[in-house]
Amino acid sequence: MSTITSHTRPTLCRLCVAHCGVLATVEEGRLVKVEGDPDNPMFKGYSCPKGRALPEMHNSPHRLLRSQKKQPDGQHAPIAVEQAMDEVADKIRRLVDEYGPRSVAMYVGTNALPYPPSGGVGNAFMRAIGSPMFFTSNTIDQPGKQIAAAAHGHWLGGDINFEQADTWMLVGVNPVITKSAGIPGQNPAQKLKDAEQRGMQLIVIDPRVSETAKRAQIHIRPRPGEDPTILAGMIRIIIDELLYDKEFIRENVEGFEALKAHVAPFTPAYVAERADIPEEQLIEAARLFATGGKRGGAVNTGSGSSFSMHANVVEYLALCLNTLCGRWVRAGEAFTHPNAMLPAVTPKAQAYRSYRGWGYGEKLRVRNLRDAACGMPTSALADEILLEGEGQVKALICVGGNPMAAWPDQRKTQEAMEKLELLITLDIEMSSTARMADYIIAPKMTLETPGMSQGGEMIKYFGTGLGFPAAYGQYSPRIVETPEHSDLIEEWEFFHGLGCRMDLDLLFVVYYGFSKFMEAPPILINLNKDYKPTTEELFEKMCESARIPFSEVCEHPHGKVFDVTQLVQEKDADCETKLQLGNNTLLDELAEIAASDYKKEHNNTAYPYRLIPRRHNNFINSSGRSIDKLNGGKLYNPAFIHPDDMATLGFREGDSIRISTQHDAIPAIVEADANLRRGLVAMVHAFGGLVDEDDQYLTQGSNTGRLVRADVDYDPLTGMPRMGNIPVNISAITA
Ligand SMILES: Nc1nc2c(c(=O)[nH]1)N[C@H]1C(S)=C(S)[C@@H](COP(=O)(O)OP(=O)(O)OC[C@H]3O[C@@H](n4cnc5c(=O)[nH]c(N)nc54)[C@H](O)[C@@H]3O)O[C@H]1N2
Ligand SMILES: Nc1nc2c(c(=O)[nH]1)N[C@H]1C(S)=C(S)[C@@H](COP(=O)(O)OP(=O)(O)OC[C@H]3O[C@@H](n4cnc5c(=O)[nH]c(N)nc54)[C@H](O)[C@@H]3O)O[C@H]1N2
Ligand code: SF4
Ligand SMILES: [Mo]
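Rules used throughout
- Residues numbered from 1 in each chain as written.
- Chains lettered and ligands numbered in written order.
- Predicted model: local features only at pLDDT ≥ 70, side-chain atom pairs only at ≥ 80, totals over all residues.
- Heavy atoms only, no water.
- Near = heavy atom within 4 Å.
- 1 Å grid on protein atoms, 1.4 Å probe; cavity = no way out; pocket = protein on both sides within 12 Å on 5 of 7 lines; lining within 4 Å.
- Sits in = over half its atoms within 2 Å of the grid points.
- Nonpolar A, V, L, I, M, F, W, Y, C, P; charged D, E, K, R; others polar.
- Polar contact = N/O pair within 3.5 Å; in protein donor to acceptor, adjacent residues only side chain to side chain.
- Areas by Shrake-Rupley, 256 points an atom, 1.4 Å probe, with all protein chains shown as cover.
- Helix = DSSP H or I, 4+ residues; strand = E, 2+ residues; numbered from the N terminus.
- Pairing = 2+ DSSP bridges.
- Axes fitted to C-alpha atoms, helices over the stretch in contact; angles between N-to-C directions.
- Disulfide = S-S within 2.5 Å.
- Buried < 20%, exposed > 50% of the residue type's maximum accessible area, 1.4 Å probe, protein only.
- Phe/Tyr/Trp six-rings, centres within 6.5 Å; stacked < 30°, edge-to-face > 60°.
- Lys NZ or Arg CZ within 6 Å of the ring centre and 35° of its normal.

**Some thoughts on the site of ligand 3**
Part 1 of the argument: The local shell around ligand 3 consists of Cys 13, Leu 15, Cys 16, His 19, Cys 20, Cys 48, Lys 50, Gly 51 and Lys 179.
Part 2 of the argument: Judged by the fraction of its atoms near the pocket grid, ligand 3 is located in the second largest cavity.
Part 3 of the argument: Its residues assigned to classes, the shell around ligand 3 shows five nonpolar, two polar and two charged.

Here it is in structure tokens:
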């Protein structure tokens, strides 16, 4: 390989699903600058502070340049990665022999995303040793999206185009900051401005005037946790006033009557009272959504609504609302998300029928939880480690994730991490999980590895309102060499290394799980002793059945929007599949919501405030917190409270407070936020150190996961606990 010294080259930032095209400058072998690439046809120069801090991340003094091994005295010392692989392979082999394959678990977090083969090869390793215990952060995020899609079915014509819509609705999501669902992630703030210019009417449901809600024509600012109530209420109005798309329903839908019966209790007056919103506003929003403009628009949901319980119902009602109003691309219209680096698909104006989304697969030993369409319930993994007996998990491999920062119930998570016989994490720094680990494998960072946009394209199969709004592709070779004297490895190479030592065939299945939407069969790549490709070769194989040949994508270093205009085809003549609005399980849950004693829940005098989540523009979960340029010297996550609530409670900005639930408590520092609804505390998650380090909240922040209980309020299908709308009490900490 030639040594890369000084240059400015186009590449892509892969820190979040947006996958922005950027320009990276290297001077004397060191990454010195990253900025938006004006010649990228999709992003047109856009980037965010996190992407622009890639040089500081690559050159961070906190970065691990060598893998680490825990010593008998509990301290960590460097270990050669080849040696670490020898030892880890040996230990895993012994655990599998003694306790069976289920004793080894894997958790893949958000930082697998930048490395296209990372999670898939990790998954192949788990299948090769015969362990079903493969978990991802998806089940502590928005697992309801896959549950609801299974119950409802998919529309093979795809989502409608934001950039042509007249109305749009966003529930519990703030894409202006997060580049997640709803507004296409290529400069979402600009896309929203363009939409406003076109006259688009935006409806946002969020208890906070978020950066997105600021731009809404209708901002519904309810009590948190009342999204199912509000969506059911809107559906009721739309059905009652006959505003739905009768022809679309007749042609493509079943279960309409069941849905109608189940939303009956959600009268406008009831919803308004229960969610504490103006009745007129609810009616106005429902009418606008159903009738606004010629093409109308869709509804998308996010993590805010997912964390407040009943996420499957929220996601299902959102799909039902889109379907009721016929908000899917029809025959003759342009397909919004054509593939480029994935295989071509034929979009058709017809349903892909609902399928079994839960109640199958590996059984967890706690809470009757099982595998499901969203994957294995991560909220149960700590229990699986702690619970003695047959099947107990003894080893955990974390890939680009940080359980101690991000898993629900931090106290139990720490107990579980302590109990493990073997904890391995692949991480760029001594994260709070790494501090507890037996081995920390130091990986190469993004711009030291080749990159491609296939993952950003694949994300659309996770739910609606995601993915590139065109056939876009970008490949980038590695931009910078690894630092001198470092000993780094790519995540997939680590699993390959273990596989070779254990004499395994790792069968890497590309677009695993999404192959039902592809016409080409999934690509199978067998990685073993005899076959170790370069990452570049692996990418080429991963793109073997791509619509645009990999070599052609490589010819466009600034990325390219390929000229793929695909019109959605007519429904097959013999097609009888329908979208399902009457799923029993989810509508039964809606009936339970209607019957629940909400007044009791709202009037919780012991815990009168509600803790809700929000995200930081400069960090992705726990990543970026250690970078000075991103944290600006503020090392904690404040507790945002409305100024009037502060006055009632007698707090001033900067005061130290204790936020407690029935189960646990964390310290925090007050900051005023007039954008919040009253009665709330909003905090960014994934801060704080270990459980016994609460006194360092000024320098490490506080971990909101401590206030989440995985075994009290949780979803029976996904295990997803109540991670938002948490009843809390706030009191002053006196010195
Ligand atoms: N209370 C509460 N809990 C939550 C949430 C919440 O809002 N509130 N949000 C939930 C959601 S949506 C999610 S997705 C999860 C996130 O859960 P996780 O993915 O487990 O958490 P992260 O903090 O994103 O962990 C990323 C880790 O990757 C490391 N890292 C950074 N760059 C690299 C790299 O290049 N390679 C490798 N190998 N590692 C790298 C970071 O140092 C960090 O330790 O948390 C969930 N938990
Ligand atoms: N800058 C940045 N970008 C990120 C991340 C990050 O940490 N930082 N994380 C990435 C990850 S892992 C994910 S999953 C996505 C998440 O992306 P989003 O889902 O957009 O996450 P948030 O920004 O927390 O937005 C959630 C919104 O829901 C609101 N909310 C809270 N509770 C409720 C409720 O009960 N009902 C309703 N309707 N709203 C509620 C909050 O006020 C907040 O504005 O972002 C990704 N992108
Ligand atoms: S929006 Fe996401 S992909 Fe784009 S620069 Fe920021 S972190 Fe990177
Ligand atoms: Mo997430």
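We are not done yet, so read on.
**Some remarks on the site of ligand 2**
Part 1 of the argument: Every one of the 32 residues lining ligand 2 counts as a neighbour, but Asp 206, Asp 227, Ser 303, Ser 308 and Phe 619 are closest to it.
Part 2 of the argument: One nitrogen or oxygen atom from the main chain of Gly 172 is found 3.4 Å from a nitrogen atom belonging to ligand 2.
Part 3 of the argument: In the environment of ligand 2, an oxygen atom lies 2.9 Å from a nitrogen or oxygen atom belonging to the backbone of Asn 621.
Part 4 of the argument: Considering ligand 2 on its own, with 910 Å² of exposed area, one finds that the protein chains cover 95% of that surface.
Part 5 of the argument: Elements represented by at least two residues in the shell around ligand 2 include exactly α6 (175-178), α13 (303-307) and β27 (609-614).

**Digging into the sheet that holds strand β28 (residues 639-641)**
Adjacent strands of a sheet pair through backbone hydrogen bonds, lying either parallel or antiparallel.
Part 1 of the argument: Around the barrel, which closes on itself, the six strands sit in the order β27-β31-β28-β30-β29-β32 with mixed pairing between neighbours. Sheet twist, expressed as the mean angle between neighbouring strand axes with direction ignored, is 45°.
Part 2 of the argument: Here strand β29 (residues 656-660) pairs with strand β32 (residues 726-732) via four bridges, running antiparallel. From the neighbouring strand, Ile 657 faces β32, where its bridge partner is Ala 732.

**What about the state of the cysteines?**
Part 1 of the argument: Inspection of the entire model under this criterion finds zero disulfides.
Part 2 of the argument: Cys 320 forms no disulfide, and the closest cysteine sulfur to it belongs to Cys 325, at a distance of 11 Å.
Part 3 of the argument: A relative accessible area of 0% means that Cys 320 is categorised as buried.
Part 4 of the argument: The structure places no disulfide on Cys 575, whose sulfur is separated from the nearest cysteine sulfur, that of Cys 320, by 19 Å.
Part 5 of the argument: According to the relative accessible area criterion, Cys 575 is buried, its value standing at 15%.

**Quick notes on the packing of aromatic side chains**
Part 1 of the argument: Taken as a whole and judged by the stated rule, the model has 18 aromatic pairs.
Part 2 of the argument: Members of the aromatic cluster, joined through ring pairs, are Tyr 352, Tyr 355, Tyr 461, Phe 462, Phe 514 and Phe 517.
Part 3 of the argument: Sitting above the plane of the Phe 687 ring, Arg 625 keeps its charged end 4.5 Å from the centroid.

Remember, this is a structural readout, not a statement about activity or role.
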